[in-house]
Amino acid sequence: MDSKIWADRVKNRNDFPARLTHLTRKNGDMSAFEVLVKILREKEIIGSTTNSGYICGNIPAVCLQETPLGALAESIRFERELDSKNPRYEAYGIRFNKKYIYDMGGRPVIYENKEIMKKYLPEQEYWRIVNLDLTDKNKIVDWTHEREWRVPNTLEFEYNKIEIIVPNSFARRNLVKYCEENGMMEIIRNVYSIINMTSIMF
């Protein structure tokens, strides 16, 4: 199909977003906001590894979700209810056009029992594997709701290629103020948009 048909399909399906989202979270002494600012300052997201994330094999990968904003808001809220002090995700992040991620080498992950999948993929493709195991009802492993994509190694970007996600208007003002005070207004001037998740979550 040509790109117009593809775009029309995306536009007419609320379960089929044209954007992929990378959410941040607290990392050591850094808050989710500080992690976001670091990513914006450096214009890159460094891939997770087997030690720092749930990546199979030796190639790091940047994780994103092919999730509509409404479903993303539900997931953020649910993770906060599970663990309010250290939630898996917070409402800070960056969104990219799916075509941009594809051109950067990003691909959808393969959900399967990781030991089974390793028999079929070459080792340099293990970064695409996300473990799926519904065998034991007391130890369910299922992350398929995230509809994850990954980019191997590091994801670099320019500001005009991204949308920034913040949890509320206070966080948006805080981001703008931080950029003003630290000579980073290039970010605010050039990003595609800043999305306030309050209008979606509540």
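Residues numbered from 1 in each chain as written. Predicted model: local features only at pLDDT ≥ 70, side-chain atom pairs only at ≥ 80, totals over all residues. Heavy atoms only, no water.

Engineer: Explain the environment of Asn14 to me, using residue names and the numbers behind them.
Structural biologist: Note that Asn14 resides in the loop between helix H1 (3–11) and strand S1 (19–23). Separated by 135 residues in sequence, Asn14 and Trp149 place their C-alpha atoms 18 Å apart. (Helix = DSSP H or I, 4+ residues; strand = E, 2+ residues; numbered from the N terminus.)

Engineer: So, the layout of surface pockets: which residues are in play, and what are the values?
Structural biologist: In this structure, the largest pocket spans a volume of roughly 1,200 Å³. Surrounding the largest pocket, 40 residues form its lining, Ser48, Ser52, Gly53, Tyr54 and Cys63 being those nearest its centre. Within the residue set of the lining of the largest pocket, elements represented by two or more residues are S1, helix H2 (32–42), strand S2 (44–46), strand S3 (61–65), strand S7 (129–131) and strand S8 (148–152). Looking at which element gives the most residues to the lining of the largest pocket, the answer is S3, with five residues. Looking at the lining of the largest pocket residue by residue, the class counts come to 18 nonpolar, 12 polar and 10 charged. (1 Å grid on protein atoms, 1.4 Å probe; cavity = no way out; pocket = protein on both sides within 12 Å on 5 of 7 lines; lining within 4 Å. Points joined across faces, edges and corners; volume = space filled by probe spheres on them. Nonpolar A, V, L, I, M, F, W, Y, C, P; charged D, E, K, R; others polar.)

Engineer: Tell me about the packing of aromatic side chains, and name the residues and values.
Structural biologist: Evaluation of the coordinates by the stated rule reveals four aromatic pairs. Plain terms: the ring middles of Phe96 and Tyr100 are 6.1 Å apart, the flat faces sit at 5 degrees to each other, and that makes the pair stacked. For Tyr100, a relative accessible area of 17% gives the class buried. Between the aromatic rings of Phe96 and Phe157, the centroid separation amounts to 5.8 Å while the plane-to-plane angle is 70 degrees, which identifies the pairing as edge-to-face. (Phe/Tyr/Trp six-rings, centres within 6.5 Å; stacked < 30°, edge-to-face > 60°. Buried < 20%, exposed > 50% of the residue type's maximum accessible area, 1.4 Å probe, protein only.)

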